[in-house]
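# Examining the three-dimensional arrangement
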Amino acid sequence: MKSKVYKDVYQVELSNDKETRHQNDGSAIPKLVLPEHYASDFGSVVYCEGNDFSNIFGDRRANTKYKRTPPIVKVTNPKTGHSIHRAYRMGRNFPKNACGLSYFSLLELINNDDDMARMNQVVLSKGSLWKYYWYHPFHATKVSTRLGVFSMVIGLLGLILSILN
């Protein structure tokens, strides 16, 4: 059973200032500063409330398989139909009924600037680990995943050809 959760969307930024909100800078999406997270995984995660895990995945995190593999959330813009896969992270002191994405993640969910101005909610559902790595926002992870899959396919073809000959 896949559950869908509708959330208000925030653009998250990293800063040393705790719990500060920036002005919108002409954008319709409010910004939220998260000081306690690392910049290296900033673009590949979606920040949510603590109880969102059980709403999305149907169970508490301790009772699931997500102790070693990251829980992946599919984030969909209901107005454009575009979706991305991001790792679930819990944001501290996060607003109720909200989720946070980086600016570049938000750009993948829209077609043009008008869509950004009209996007106020996204749909969160259980995502795919395969699609998370295949379309990863960090190029080194995406390229190494694709090269690894292609090299396994070529190796398997070479093995089959050598057995047939």
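Residues numbered from 1 in each chain as written. Predicted model: local features only at pLDDT ≥ 70, side-chain atom pairs only at ≥ 80, totals over all residues. Heavy atoms only, no water.

### Description of the overall build of the protein
Put simply, the rule is: Labels follow the DSSP assignment, with helices taken as runs of H or I lasting at least four residues and strands as runs of E lasting at least two, numbered in each case from the N terminus. Whether a residue is buried, partly exposed or exposed follows from its accessible area with a 1.4 Å probe, protein chains only, as a fraction of its type maximum: under 20%, in between, or over 50%, in that order. Whether two residues touch is decided by their heavy atoms; if any such pair falls within 4.5 Å, the residues are in contact.
When helices and strands are tallied, the protein shows five helices and seven strands. Taken from the N to the C terminus, the helices and strands of the protein come in the order β-β-β-α-β-β-β-α-α-β-α-α. Per-residue burial over the protein gives 38% buried out of 165 residues. Counting contacts in the protein only where the partners sit at least 6 residues apart, residues at least 24 apart contribute 64% of the total.

### Comments concerning the pairing of strand 5 (residues 83–90)
Counted only if it meets this: Here the rule is simple: two strands pair whenever DSSP picks up at least two bridges between them.
In this sheet, strand 5 lies alongside strand 3 (residues 45–48) in parallel orientation, the contact comprising four bridges. For tyrosine 47, the partnering residue across the bridge sits in strand 5 and is arginine 89. Alignment of strand 4 (residues 72–76) against strand 5, held across five bridges, turns out to be antiparallel. Within the sheet, the bridge partner assigned to isoleucine 72 lies in strand 5 and is alanine 87. The antiparallel hairpin formed by strand 4 and strand 5 contains six residues in its connecting segment, where glycine 81 sits at a positive phi of about 85°.

### Focus on the confidence of the model for the protein
Defined as follows: Confidence of the prediction at every residue is given by pLDDT, a number between 0 and 100.
Across the protein, pLDDT averages 81, with 82% of residues at or above 70. Element-level mean pLDDT values for the protein span from 71 in strand 2 (residues 31–33) up to 96 in helix 5 (residues 139–164).

### Looking at the environment of valine 5
Note that valine 5 resides in strand 1 (residues 5–13). With a relative accessible area of 11%, valine 5 lands in the buried category. Between the C-alpha atoms of valine 5 and lysine 126, which are 121 residues apart in sequence, the distance is 9.8 Å. The contacts of valine 5, once residues within four sequence positions are left out, are Asn55, Ile56, Val122, Val123 and Leu124.

### Quick word on the packing of aromatic side chains
Using the following cut-off: Aromatic pairing here means that ring centres of Phe, Tyr or Trp (its six-membered ring) are within 6.5 Å. Orientation follows from the plane angle: under 30 degrees is stacked, over 60 is edge-to-face, and everything else is tilted.
Scanning the model with the defined rule gives six aromatic pairs in all. Between phenylalanine 53 and phenylalanine 57, the ring centres sit 4.6 Å apart and the planes meet at 35°, which makes this aromatic pair tilted. Of the two residues, phenylalanine 53 and phenylalanine 57 both sit in helix 1 (residues 52–57), four residues apart, roughly one turn of that helix. Between tyrosine 132 and tyrosine 133 the ring centres are 5.0 Å apart and the planes differ by 70°, which places this aromatic pair in the edge-to-face class. Its relative accessible area of 6% is what places tyrosine 132 among the buried residues. On the accessibility criterion, tyrosine 133 (31% relative accessible area) is partly exposed. Chaining the aromatic ring pairs together yields one cluster made of Phe53, Phe57 and Tyr88.

### Comments concerning a nonpolar patch on the surface
Heads up, the rule is: Within this analysis, patches are made of residues with over 30% relative accessible area and no salt bridge. Like charges are joined at 9 Å or less; nonpolar side chains (Val, Leu, Ile, Met, Phe, Trp, Tyr) at 5 Å or less. In this description, accessible areas are obtained by the Shrake-Rupley approach with a 1.4 Å probe, and a residue is regarded as covered only by the protein chains that are shown. Every case where a carboxyl oxygen of Asp or Glu lies within 4 Å of a side-chain nitrogen of Lys or Arg is listed as a salt bridge.
There is a patch of nonpolar side chains on the surface, built from Leu156, Leu159, Ile160, Leu161, Ile163 and Leu164 and spanning about 640 Å² of accessible area. As for its position among the elements, leucine 164 is in helix 5. Here leucine 164 falls in the exposed class, since its relative accessible area comes to 65%.

### Considering the state of the cysteines
Structurally, a disulfide amounts to a covalent bond that connects the sulfur atoms of two cysteines. For the record, the criterion: Here, the term disulfide refers to a pair of cysteine sulfur atoms separated by no more than 2.5 Å.
The final tally for this structure, using the stated rule, is zero disulfides. No disulfide involves cysteine 99; its nearest neighbouring cysteine sulfur is the one of cysteine 48, lying 5.6 Å away.

### Things to note about the nonpolar core
Note the threshold: In these notes, a set of buried Ala, Val, Leu, Ile, Met, Phe, Trp, Tyr and Cys residues joined through side-chain atoms within 4.5 Å is what counts as a nonpolar core.
If you look at the biggest cluster of nonpolar residues, it comprises 22 residues, and the most contacted ones within it are Val75, Met119 and Leu124. Of all the elements in the fold, those that place two or more residues in this core are strand 1, strand 3, helix 1, strand 4, strand 5, strand 6 (98–101) and strand 7 (121–126). Ranked by residues supplied to this core, first place goes to helix 1 with three residues. Residues Tyr10, Val45, Tyr47 and Tyr132 belong to the second largest nonpolar core, which totals 11 residues.

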